[in-house]
Amino acid sequence: MKKTMGITVAGLCAGAVNGLFGAGGGMVLVPLLTKLSGLEDRSIFPSSVCMILPICIISLVMSVNVTGIPLPLLFSYLAGSAAGGLIAGLTAKKIPTLWLHRGLGLLILWGGVRYLW
């Protein structure tokens, strides 16, 4: 029950961040899953990808409806991100979990500092 509640809270927070800012749900999701879910470290990153997919689909639909972004532009982005996801998925098993956590932490810090100015 505690694991399920932790995952639900993490998903809620990731959805809220993604909905408000159009991105960033995954950056919130990994640290929350680490603290709240009781999942093994090795399964947190793939779990976050599975959880963020429906959030991103909803954000995509909302963005198209609100901003009127042309679909061909979005499809070209999706092709590149799918290729990047495939490459990362194939190589992530070879990277120690500690390095993945530190890399995500640095990415979050860089993004935060970048948006302050």
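Everything that follows concerns the structure shown earlier in this document.
In this text the structure is predicted, and so the values were computed from the model without any measurement.

1. Overview of the layout of surface pockets
There is about 1,600 Å³ of room inside the largest pocket. In this structure, the largest pocket is lined by 38 residues; those nearest its centre are Val49, Ile52, Cys56, Ser81 and Gly85. For the lining of the largest pocket, the secondary-structure elements that each account for two or more residues are helix H2 (25-36), helix H3 (41-67), helix H4 (71-91) and helix H5 (97-116). The leading source of residues in the lining of the largest pocket is H3, at 13 residues. Grouping the constituent residues of the lining of the largest pocket by class yields 23 nonpolar, 13 polar and 2 charged. In this structure, the second largest pocket spans a volume of roughly 290 Å³. In this structure, the second largest pocket is lined by Phe21, Ala23, Gly24, Met27, Leu107, Ile108, Trp110, Gly111, Gly112, Arg114 and Tyr115.

2. Concerning H2
Taking 1.5 Å per residue, 12 residues should reach 16 Å; H2 reaches 16 Å between its end C-alpha atoms and fits that length. Taken together, the buried positions of H2 are occupied by Gly25, Leu29, Val30 and Leu33. For H2, the buried positions fall inside an angular range of 130° around the axis, keeping them on one side. As for H2, its buried residues are in contact with helix H1 (2-21), H3 and H5. Glycine 38 lies just past H2 and shows a positive phi near 75°.

3. Quick word on the nonpolar core
By size, the foremost hydrophobic cluster in this structure holds 11 residues: Ala10, Ala14, Leu29, Val30, Leu33, Ile44, Phe45, Ile52, Ile55, Leu100 and Leu104. Mapped onto this core, the elements with two or more residues apiece are H1, H2, H3 and H5. Per element, the largest residue contribution to this core is 4 residues, and it comes from H3. Setting aside its immediate chain neighbours within four residues, leucine 104 contacts Met27, Val30, Pro31 and Phe45.

Conventions used here
Residues numbered from 1 in each chain as written. Predicted model: local features only at pLDDT ≥ 70, side-chain atom pairs only at ≥ 80, totals over all residues. Heavy atoms only, no water. 1 Å grid on protein atoms, 1.4 Å probe; cavity = no way out; pocket = protein on both sides within 12 Å on 5 of 7 lines; lining within 4 Å. Points joined across faces, edges and corners; volume = space filled by probe spheres on them. Helix = DSSP H or I, 4+ residues; strand = E, 2+ residues; numbered from the N terminus. Nonpolar A, V, L, I, M, F, W, Y, C, P; charged D, E, K, R; others polar. Expected span 1.5 Å × (residues − 1). Buried < 20%, exposed > 50% of the residue type's maximum accessible area, 1.4 Å probe, protein only. Arc of directions from axis to C-beta. Contact = heavy atoms within 4.5 Å. Core = buried A, V, L, I, M, F, W, Y, C linked by side-chain atoms within 4.5 Å.

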